[in-house]
Amino acid sequence: MASESGFTLETVVIPDHSVSFTYLDSGYLESNSYTAIFFIHGYNYHASICEPLLPLAPAHNLRFIALNRRGYNGTTSYTPSEIQELDNPTSDKVEWIRKQGHYLVLAINALIVKLGLSEKGGFALCGWSLGTVFSLGILDAMHSDMLEKETKERLRKFVRCIILYDPSARTFGIPLPPDQTAYYPLSQLTNSDEENTRVFGEWISSYFQHDETHPHAFSKLNDSSPPTTLQPTLSEASTSTKLRLSQPTPTTSLSELHAIEQRARPGLTGLASLRETYFESRMTLGKEVKKYVIYGSMSAWTCVWPAWWLKIEGKDKGIVVRRMQGANHLMTWDKPNEFLAHVRWCLDESETEGKSFLKNSSS
């Protein structure tokens, strides 16, 4: 099936698990030094949010591959038992995320082989919003003994760096200062699924002017009053475009989001421990893999706050934070060339001397 941008939705099958993933691919490059970017989308808006990037990626020596997660746009839906686990309020969701990370790792490995990706350029993992949590699941799976030795070695040879794009405080377990609250449209679901999706879409795609004269003060974040001079990305999109970019039946994805938000709260073990283990600590993967955060200076508070927090808390942990001036949460749609330039910067910087994400190891 071809997207409106002309790129075809392809499928990769994981036969041993009866799971398949659909994806968009910017396509073959003549260069033998290009880097593949595996993009993991967030809540509600799937791989099609990357359509504007696809024709631009080759100019940055990138092959952009945007995967659709489970239940989105043709990818295999969650099984009844997986949904039951997701809806279980007593589960910490760690094993659930690990399982999804394992499937995604197998898809990435299969695509490396299927597409004959460049080993010289390797790949970078780029998680967006809720997709950053699934990126942690991928990192967990890359360390797991569940992977065959050949697969693990291939991934270790190919992986270049990890990029988190607009991680959310509510799903990434980033603590808010004591007694601080902020508006979040999905906290009170009093409307229909369609109306909740519309309200959330306009809020998350708005441009917010934050006071960065005190760049790490939570009170300086603007949570609900975007400037009237800049319209939300999705308010200007046609109805057909909105339907093409978003999950048409949000019930399962909304359950997924709420389940992860509930278990990612600071003070709880589980998902927060995945962040601490695989993004804030130095783990052994047999090579240097650096870690980056890209955030939009005008994204919603729930994405700006984690970047500010990680810039302080992660400065001694090898985390490099990149600020994209004038960008909102949908920078892949509104500012695709600038976004790719930031990704390219991360890749180039990862080749320089400096602190690594994962400690060198001979093991």
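Residues numbered from 1 in each chain as written. Predicted model: local features only at pLDDT ≥ 70, side-chain atom pairs only at ≥ 80, totals over all residues. Heavy atoms only, no water.

### Regarding the packing of helix 1 (residues 80-87) against helix 2 (residues 94-115)
Inference 1: Relative to each other, helix 1 and helix 2 sit at 140°, their axes nearing to 10 Å. Considering the angle they form, helix 1 stands oblique to helix 2. On helix 2, the residues touching Glu82, Glu85 and Leu86 of helix 1 are Trp96, Lys99, Gln100 and Tyr103. (Axes fitted to C-alpha atoms, helices over the stretch in contact; angles between N-to-C directions. Helix = DSSP H or I, 4+ residues; strand = E, 2+ residues; numbered from the N terminus. Parallel < 35°, antiparallel > 145°, perpendicular 65-115°, else oblique. Contact = heavy atoms within 4.5 Å.)

### Some remarks on the environment of His102
Inference 1: Mapped onto the secondary structure, His102 falls in helix 2.
Inference 2: Residue His102 is classed as buried on the basis of its relative accessible area of 8%.
Inference 3: Sequence-wise, His102 and Ser144 are 42 residues apart; in three dimensions their C-alpha atoms are separated by 8.6 Å.
Inference 4: Setting aside its immediate chain neighbours within four residues, His102 contacts His17, Gly137, Ala141, Met146 and Leu147. (Buried < 20%, exposed > 50% of the residue type's maximum accessible area, 1.4 Å probe, protein only.)

### Some details on the side chain of His210
Inference 1: Positionally, His210 belongs in the loop between helix 6 (193-204) and helix 7 (239-245).
Inference 2: With relative accessibility at 5%, the residue His210 sits in the buried group.
Inference 3: If we ignore the near neighbours within four places in the chain, the residues touching His210 are Lys220, Leu221, Asn222, Ser297, Met298, Ser299, Ala300, Trp301 and Val304.

### Comments concerning the nonpolar core
Inference 1: Judged by nonpolar contacts, the single largest core of 109 residues is most densely connected at Phe64 and Phe339.
Inference 2: Setting aside chain neighbours within four positions, we find Phe339 in contact with Leu53, Phe64, Cys126, Tyr165, Ile294, Met324, Met331 and Thr332. (Core = buried A, V, L, I, M, F, W, Y, C linked by side-chain atoms within 4.5 Å.)

### A look at the pattern of salt bridges
Inference 1: Per the counting criterion, the structure on display carries 11 salt bridges.
Inference 2: Across the pair Arg323 and Glu212 runs a salt bridge whose closest N-O atoms are separated by 2.7 Å. With Arg323 in strand 8 (residues 319-324) and Glu212 in the loop between helix 6 and helix 7, this residue pair connects regions lying 111 residues apart in the sequence.
Inference 3: Overall, the relative accessible area of 37% leaves Arg323 in the partly exposed class.
Inference 4: The class of Glu212 is partly exposed, set by a relative accessible area of 26%. (Salt bridge = Lys/Arg side-chain N within 4 Å of Asp/Glu carboxyl O.)

### Observations regarding helix 12 (residues 336-350)
Inference 1: The terminal C-alpha atoms of helix 12 lie 21 Å apart, and with 15 residues this matches the ideal 21 Å at 1.5 Å per residue to within 8%.
Inference 2: Turning to helix 12, its buried residues are Pro336, Phe339, Leu340, His342, Val343, Arg344, Cys346, Leu347, Glu349 and Ser350. (Expected span 1.5 Å × (residues − 1).)

### Some thoughts on the pairing of strand 1 (residues 10-14)
Inference 1: Note that strand 1 and strand 2 (residues 19-25) share 5 bridges and pair antiparallel. Each bridged residue has a counterpart across the sheet, and for Val13 the counterpart in strand 2 is Ser20.
Inference 2: Counting the residues in the hairpin turn of strand 1 and strand 2 gives 4 residues, including Ser18, whose phi is positive at 55°. (Pairing = 2+ DSSP bridges.)

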